Amino acid sequence: MASSPALSSAAPPLLRHQRGRRHRLLTTQAYFIRYRIPNPLLHRRSFILSSASSLLLTQPSAADTVPPSDRLQPSIVTDRVFFDFGLCPSYLRSDRPLGFDLAACPDTEPLGRVVFGLYGKILPQTVANFKAVCASAAYRGTLVHKIIQGQFFVAGRQGRKEKREVRPPPGLARNMETVDPKAFQLKHSRPGTLSLCLSENDDNESVKLEPDYHNVEFLVTTGPGPCPQLDNENIVFGTVLEGMDVITSIATIPTYKPAERIRQFNAFAQFLGDERAQIARMMWNRPLETIYISDCGELNVATPSLSPSLP
């Protein structure tokens, strides 16, 4: 039985040719190719390369090696609250009666309702405290006390009720997320971002030293652009779902702006340690009209949903 052409002649041994001149010995690689003999070295190399590539493909990525607790969870709206804002022209009148209740302003000018969506999965303690203050109506009748035009406004300063400041409900839990680095992951990248105000408050230090002090002051970015200077200093825990036009109208209200000479004098007094400098600075950027929270409360959420646009 005839053999195939590929195997008809046996492969000669690897010896030097003896016809008049010496030939170089064929390399092992050329030898196997010339006589169509399978090269075990090539098969071994292919096996090694394929094994290495499969190991690289199965290596976990950097994101997979991060523990689930350290990953940024989606900004899911788990809770909703509402705030009704208004103007009270009679609050600045000299004949205003003693003990005037701002929540019952007789000539109020409604600005409208704002609905906030809260990120309860990312910041459960901050959201729980905010809802508790809303449900107790502690924000009702309190002032919007600072507007940085083109950036944000601040409301909910803790203090005395007669000064239209917030008195938190008794038994409010201490918010440990204010000292947790993971709580500062979300950024102030769009208008309508709701944030727990930590760096922008000018509360009197005596108030902060009270045993029942809780930071319940909040800010809302008004646009038109982001506020990166607020990042890593204040805790983003929600966003505006409805009523962005109300936020925009609040941002247009004129504020008190001190002259440059007053600012320089205040900076020098603060450098000397004069505590009156901080008290005077609390008047800066204060609205020239009385903006207040006429009502607030919690709204039901049937199914948690993703925020319409991440803050």
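Residues numbered from 1 in each chain as written. Predicted model: local features only at pLDDT ≥ 70, side-chain atom pairs only at ≥ 80, totals over all residues. Heavy atoms only, no water.

Trainee: What exactly am I supposed to notice about the packing of aromatic side chains here?
Mentor: Note on aromatic pairs: each is described by the distance of the centres and the angle between the planes. This model, assessed by the stated rule, comprises 11 aromatic pairs. Taken together, a centroid distance of 5.6 Å and an interplanar angle of 85° make the contact between Phe130 and Phe218 edge-to-face. With Phe130 in helix α4 (residues 124–135) and Phe218 in strand β7 (residues 218–221), this pair connects stretches of sequence that are 88 residues apart. Both residues of the pair, Phe130 and Phe218, count as buried. Taken together, Phe83, Phe85, Phe116, Phe130, Tyr139, Phe153, Phe218 and Phe237 form an aromatic cluster joined through their ring pairs. Positioned above the aromatic ring of Phe82, the side-chain terminus of Arg113 is 3.9 Å from the ring centre. The aromatic ring of Trp284 is capped on one face by Arg263, whose charged end is 4.9 Å from the ring centroid. (Phe/Tyr/Trp six-rings, centres within 6.5 Å; stacked < 30°, edge-to-face > 60°. Helix = DSSP H or I, 4+ residues; strand = E, 2+ residues; numbered from the N terminus. Buried < 20%, exposed > 50% of the residue type's maximum accessible area, 1.4 Å probe, protein only. Lys NZ or Arg CZ within 6 Å of the ring centre and 35° of its normal.)

Trainee: How should the pairing of strand β3 (residues 109–118) be read in this particular structure?
Mentor: Within a regular beta strand, the side chains point alternately toward one face of the sheet and then the other, so they alternate between its two faces. Pairing between strand β2 (residues 79–87) and β3: nine bridges, direction antiparallel. Residue pairing for β3: Leu87 is matched across the bridge by Glu109. Note that β3 and strand β8 (residues 235–242) share four bridges and pair antiparallel. What sits directly across from Leu118, in β8, is Gly238. (Pairing = 2+ DSSP bridges.)

Trainee: It is not clear to me how helix α7 (residues 260–271) should be interpreted in this structure. Could you clarify?
Mentor: Every α-helix winds through 3.6 residues per turn, so residues three or four apart in the chain are directed the same way. Compared with an ideal rise of 1.5 Å per residue, which puts 12 residues at 16 Å, α7 spans 17 Å between its outermost C-alpha atoms and is within 8% of the ideal. Residue Gly273 follows α7 closely and has a positive phi angle near 90°. (Expected span 1.5 Å × (residues − 1).)

Trainee: It is not clear to me how the nonpolar core should be interpreted in this structure. Could you clarify?
Mentor: Across soluble globular proteins, nonpolar side chains have a tendency to be buried as a group. By size, the foremost hydrophobic cluster in this structure holds 42 residues, and its most contacted members are Phe83, Phe85, Phe116, Phe130, Tyr139 and Phe218. Phe130 has contacts with Val81, Phe83, Leu118, Tyr139, Leu194, Phe218 and Phe237, leaving out every residue within four places of it along the chain. (Core = buried A, V, L, I, M, F, W, Y, C linked by side-chain atoms within 4.5 Å. Contact = heavy atoms within 4.5 Å.)

Trainee: I would appreciate a short explanation of the pattern of salt bridges in the present structure.
Mentor: Going through the model one piece at a time under the given rule, you end up with six salt bridges. For Asp79, the salt bridge identified is with Lys131, shortest N-O distance 2.8 Å. One end of the pair, Asp79, is in strand β2; the other, Lys131, is in helix α4, with 52 residues separating them in the sequence. A single burial state applies to Asp79 and to Lys131, both of which are buried. (Salt bridge = Lys/Arg side-chain N within 4 Å of Asp/Glu carboxyl O.)

Trainee: I tried to follow helix α6 (residues 244–251) on my own but got confused; where do I start?
Mentor: Turning to α6, its buried residues are Val246, Ile247, Ile250 and Ala251. Buried residues along α6 cover an arc of 140° about the axis, so they all sit on one side. (Arc of directions from axis to C-beta.)

Trainee: Would you mind going over a nonpolar patch on the surface with me for this structure?
Mentor: Judged by side-chain polarity, Tyr256, Ile262, Met283 and Leu288 come together as a nonpolar surface patch covering roughly 360 Å² of accessible area. In this fold, Ile262 is placed in helix α7. Among the residues examined, Ile262 registers a relative accessible area of 43% and is labelled partly exposed. (Patch = residues over 30% accessible without salt bridge, like charges linked within 9 Å, V, L, I, M, F, W, Y side chains within 5 Å. Areas by Shrake-Rupley, 256 points an atom, 1.4 Å probe, with all protein chains shown as cover.)

Trainee: Mind showing me how you'd approach the sheet that holds strand β6 (residues 193–196) here?
Mentor: Within a sheet, each strand pairs with its neighbour through backbone hydrogen bonds, oriented either parallel or antiparallel. Ordered by their spatial adjacency, eight strands build an open sheet running β4-β5-β7-β6-β8-β3-β2-β9, and the pairing between neighbours is antiparallel. Among the strands making up the open sheet, the edge pair consists of β4 (144–148) and β9 (291–299). Direction aside, neighbouring strands of the sheet carry axes that sit 25° apart on average. The strands touched by α4 within the sheet are β2, β3, β6, β7, β8 and β9, with β2 carrying the most contacts at an inclination of about 45°. On the sheet, α6 packs against β2, β3, β4, β5 (152–155), β7, β8 and β9 and is oriented at approximately 120° with respect to β3. (Axes fitted to C-alpha atoms, helices over the stretch in contact; angles between N-to-C directions.)

Trainee: Would you mind going over the environment of Ser189 with me for this structure?
Mentor: Within the secondary structure, Ser189 is located in the loop between β5 and β6. Ser189 sits 37 residues away from Pro226 along the chain, and the two C-alpha atoms are 4.3 Å apart.

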